[in-house]
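Chain by chain, the residues:
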Amino acid sequence: MTDAGGWIRPEIERERMQAVEQLGLLDTPKEERFDRIARMTRRVLGVPMCSVSLMDRDRQWFKSIEGLALTEVPRDRTVCQTTIARTYRGVPDPVLVVEDAADDPRFSEIPGIGGDGGIRFYAGYPLYGPGGHTVGTFCVYDETPRTLDDEELTNFAEMAGMVQRELEWSEDLARGADIQRSLLPRPLQGQKGYAVSGACLPAFVVGGDFYDHHVVDDRLVVTVADVMGKGTGAAIVAAAVRSTFRGATRAFARLAGETQADVDAGVAASAAAEQLAEDLDGTDTFVTAFHAVVDLPTGTVTYVDAGHGLSMVRRRDGTVEPLRASGLPLGIALDDAWDSHTSSLSPGDMLVVCSDGLLDLLDEDSDPRAVHAFVAAHVDAAGLVAAVGDLVAEMPPLDDVTIVAIGREDA
């Protein structure tokens with residue numbers, strides 16, 4: 001399935017590259033979980049260099065590298081392409097050990113092999129991605145010829161297994177991120193007189209922020225929440241909070257014989273908190289939340305701000321009015337309840353709710369006025385959300401960033 005030079009058949013290479021891309025790791029920052037394994041391997045095997053790499057279409061890119069000042073090298077100038085190709089030739093032993101690459105005609109002409117300070121010894125393990133395709137290698141190098149004895153080969157295999165498990169964890173996270181994105185609401189269309197835009201940008205692959213919006217009859221129901229913490233644990237809790245808020249409003253609507261949007265925002269928040277109390281207490285987690293019902297014909301906003309503190313109305317003239325907080329976050333006091341408050345949207349006004357990840361990007365002292373100034377500078381919902389996306393692209397956040405903007409258009 002490959003030729004002697006290490007190349008892979010085109011149809012297999014397409015599948016292999018799809019697996020590489022599905023991992024979502026190419027050109028991502030260094031991560032301690034990979035660096036730690038590389039450092040440990042150098043100590044255990046007594047080698048000066050170690051790397052974790054992914055094999056792209058035309059380059060070998062290093063996710064982690066110890067002892068070499070490299071980020072990437074051309075694919076056709078690597079020993080690792082042979083390590084990868086062996087798996088498609090049915091070679092039973094996955095590890096490739098080259099005692100002296102400078103004396104091996106397959107590799108002696110590769111730049112960096114042999115010569116003063118060049119690589120002589122190489123050992124590489126293939127790394128596997130989705131579908132069982134080889135996506136990269138875990139390698140050790142030395143500037144002098146050597147080999148690995150049986151114990152060292154066993155240790156090397158164990159270290160390669162650690163890297164493989166991290167890749168599988170990355171794959172699971174990527175799947176989780178796909179699911180989390182699919183739970184975000186679809187863009188609202190056809191809401192005459194209103195423009196609704198939103199974005200949820202996790203600091204890591206998955207995050208603890210979420211937003212939700214849906215229309216029932218002539219009312220728009222909006223929820224934005226921020227679960228304490230980041231990453232997978234927060235994402236699991238966020239999914240539970242989202243479904244609980246939806247379920248609470250629908251349950252009250254059925255019992256009252258009313259539409260979902262007719263349920264008081266404070267009642268819905270209190271009911272959701274009651275249902276979540278045991279889970280939040282058991283996980284030692286709290287959630288800040290904003291939940292609102294917008295009456296589309298009148299622009300009246302009935303809302304609860306449960307410890308969120310970053311909800312506001314941008315008026316047509318550019319002034320920003322913070323909305324009143326309604327109480328503590330969910331999960332702080334088990335028997336707490338939340339009262340609803342009202343505001344209004346006139347033509348040209350915009351309701352804006354964001355998470356504190358945006359505040360952290362805008363002001364190191366976490367002064368909410370920085371968010372107010374940022375919002376004041378943007379007239380429409382889509383432009384504001386796009387500006388937040390640009391900001392996150394320029395300054396990768398340490399916390400999840402979520403924003404929802406609902407603009408009432410001119411009649």
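What counts and what doesn't
Residues numbered from 1 in each chain as written. Predicted model: local features only at pLDDT ≥ 70, side-chain atom pairs only at ≥ 80, totals over all residues. Heavy atoms only, no water. Core = buried A, V, L, I, M, F, W, Y, C linked by side-chain atoms within 4.5 Å. Buried < 20%, exposed > 50% of the residue type's maximum accessible area, 1.4 Å probe, protein only. Helix = DSSP H or I, 4+ residues; strand = E, 2+ residues; numbered from the N terminus. Contact = heavy atoms within 4.5 Å. Pairing = 2+ DSSP bridges. Axes fitted to C-alpha atoms, helices over the stretch in contact; angles between N-to-C directions. Patch = residues over 30% accessible without salt bridge, like charges linked within 9 Å, V, L, I, M, F, W, Y side chains within 5 Å. Areas by Shrake-Rupley, 256 points an atom, 1.4 Å probe, with all protein chains shown as cover. Salt bridge = Lys/Arg side-chain N within 4 Å of Asp/Glu carboxyl O. Lys, Arg positive; Asp, Glu negative; His and termini not counted. Charge placed at Lys NZ, Arg CZ, Asp CG, Glu CD. 1 Å grid on protein atoms, 1.4 Å probe; cavity = no way out; pocket = protein on both sides within 12 Å on 5 of 7 lines; lining within 4 Å. Points joined across faces, edges and corners; volume = space filled by probe spheres on them. Nonpolar A, V, L, I, M, F, W, Y, C, P; charged D, E, K, R; others polar. Phe/Tyr/Trp six-rings, centres within 6.5 Å; stacked < 30°, edge-to-face > 60°. Lys NZ or Arg CZ within 6 Å of the ring centre and 35° of its normal.

Q: Would you explain the nonpolar core in this entry?
A: In a soluble, globular protein the nonpolar side chains are often hidden away together inside. Grouped together as the largest cluster of nonpolar side chains are 28 residues, with contacts concentrated most on L127, V135, F138, V140, F156, V163 and L167. The element that contributes the greatest number of residues to this core is helix 4 (residues 150–183), accounting for five residues. With residues up to four places along the chain from it excluded, the contact list for L167 reads L23, L25, F34, L127, Y128 and V135. Grouped together as the second largest cluster of nonpolar side chains are 23 residues, L310, M350, C354 and L391 included.

Q: Would you take a moment to explain the sheet that holds strand 10 (residues 287–295) for this structure?
A: Here we have five strands laid out as an open sheet, ordered 8-9-10-11-14, and antiparallel in their pairing. On the outer flanks of this sheet lie strand 8 (209–216) and strand 14 (341–344), each paired with one strand and no other. Pairs of neighbouring strands in the sheet enclose a mean axial angle of 20°, with direction left out of account. Packing of helix 6 (residues 265–282) onto the sheet brings it into contact with strand 10 and strand 11 (300–306), and relative to strand 11 it is tilted by some 25°.

Q: I would appreciate a short explanation of a negative patch on the surface in the present structure.
A: Negative charge collects at one region of the surface, where E278, D279, D281 and D284 lie side by side. Assignment of secondary structure puts D284 in the loop between helix 6 and strand 10. Judged by relative accessible area, which is 63%, D284 ranks as exposed.

Q: I tried to follow unusual backbone geometry on my own but got confused; where do I start?
A: Its identity as a non-glycine residue notwithstanding, D27 has a phi of 65°, on the positive side. In this structure, D27 sits in the loop between helix 1 (10–23) and helix 2 (32–45).

Q: In this structure, what is going on with the pattern of salt bridges? I would like to understand it.
A: Two side chains of opposite charge can pair, provided their charged atoms sit close to one another. Scanning the model with the defined rule gives 23 salt bridges in all. Here E31 makes a salt bridge to R33, at a shortest N to O gap of 2.6 Å. On the basis of relative accessibility, which here comes to 23%, the residue E31 falls in the partly exposed class. Using a relative accessible area of 13% as the deciding quantity, one classes R33 as buried. In this structure, the salt-bridge partner of R120 is D100, at a minimum N-O distance of 2.7 Å. Linking R120 in the loop between strand 4 (96–98) and strand 5 (121–128) with D100 in the loop between strand 4 and strand 5, this pair joins segments that are 20 residues apart in sequence. Judged by relative accessible area, R120 falls into the partly exposed class, the value being 24%.

Q: Would you explain the layout of surface pockets in this entry?
A: The gaps of empty space that remain are located by a probe, the size of a water molecule, rolled over the atoms. Quantified by volume, the second largest pocket comes out at close to 380 Å³. Counting residues per element, the ones that place at least two in the lining of the second largest pocket are strand 2 (59–66) and strand 3 (72–74). Looking at the lining of the second largest pocket residue by residue, the class counts come to 14 nonpolar, five polar and two charged.

Q: Looking at this structure, I do not really get the packing of aromatic side chains. What am I missing?
A: Aromatic ring pairs are reported here in terms of the distance separating the ring centres and the angle at which the planes meet. Summed over all chains, the structure comprises four aromatic pairs. Between Y122 and Y141, the aromatic rings sit 5.8 Å apart at their centres with planes inclined by 55°, giving tilted as the arrangement. Here Y141 lies in strand 6 (residues 134–142) and Y122 lies in strand 5, a separation of 19 residues in the sequence. These aromatic residues form a ring-pair network of at least three members: Y125, F138 and F156. Lying over the aromatic face of F121, R146 brings its terminal NZ or CZ to 5.4 Å of the ring centre.

Q: I tried to follow the pairing of strand 6 on my own but got confused; where do I start?
A: A regular strand places its side chains so that they alternate between the two faces of the sheet. Among the nine residues that make up strand 6, nine are buried, leaving the element largely enclosed by the rest of the structure. Strand direction decides the pairing type here: strand 1 (residues 49–55) and strand 6, joined by six bridges, are antiparallel. Note that in strand 6 the partner of V52 across the bridge is F138. Of the strand pairs in this sheet, strand 5 and strand 6 are connected by eight bridges, and their pairing is antiparallel. For A123, the partnering residue across the bridge sits in strand 6 and is V140. Between the end of strand 5 and the start of strand 6, which pair antiparallel, lie five residues, with G131 showing a positive phi angle near 80°.

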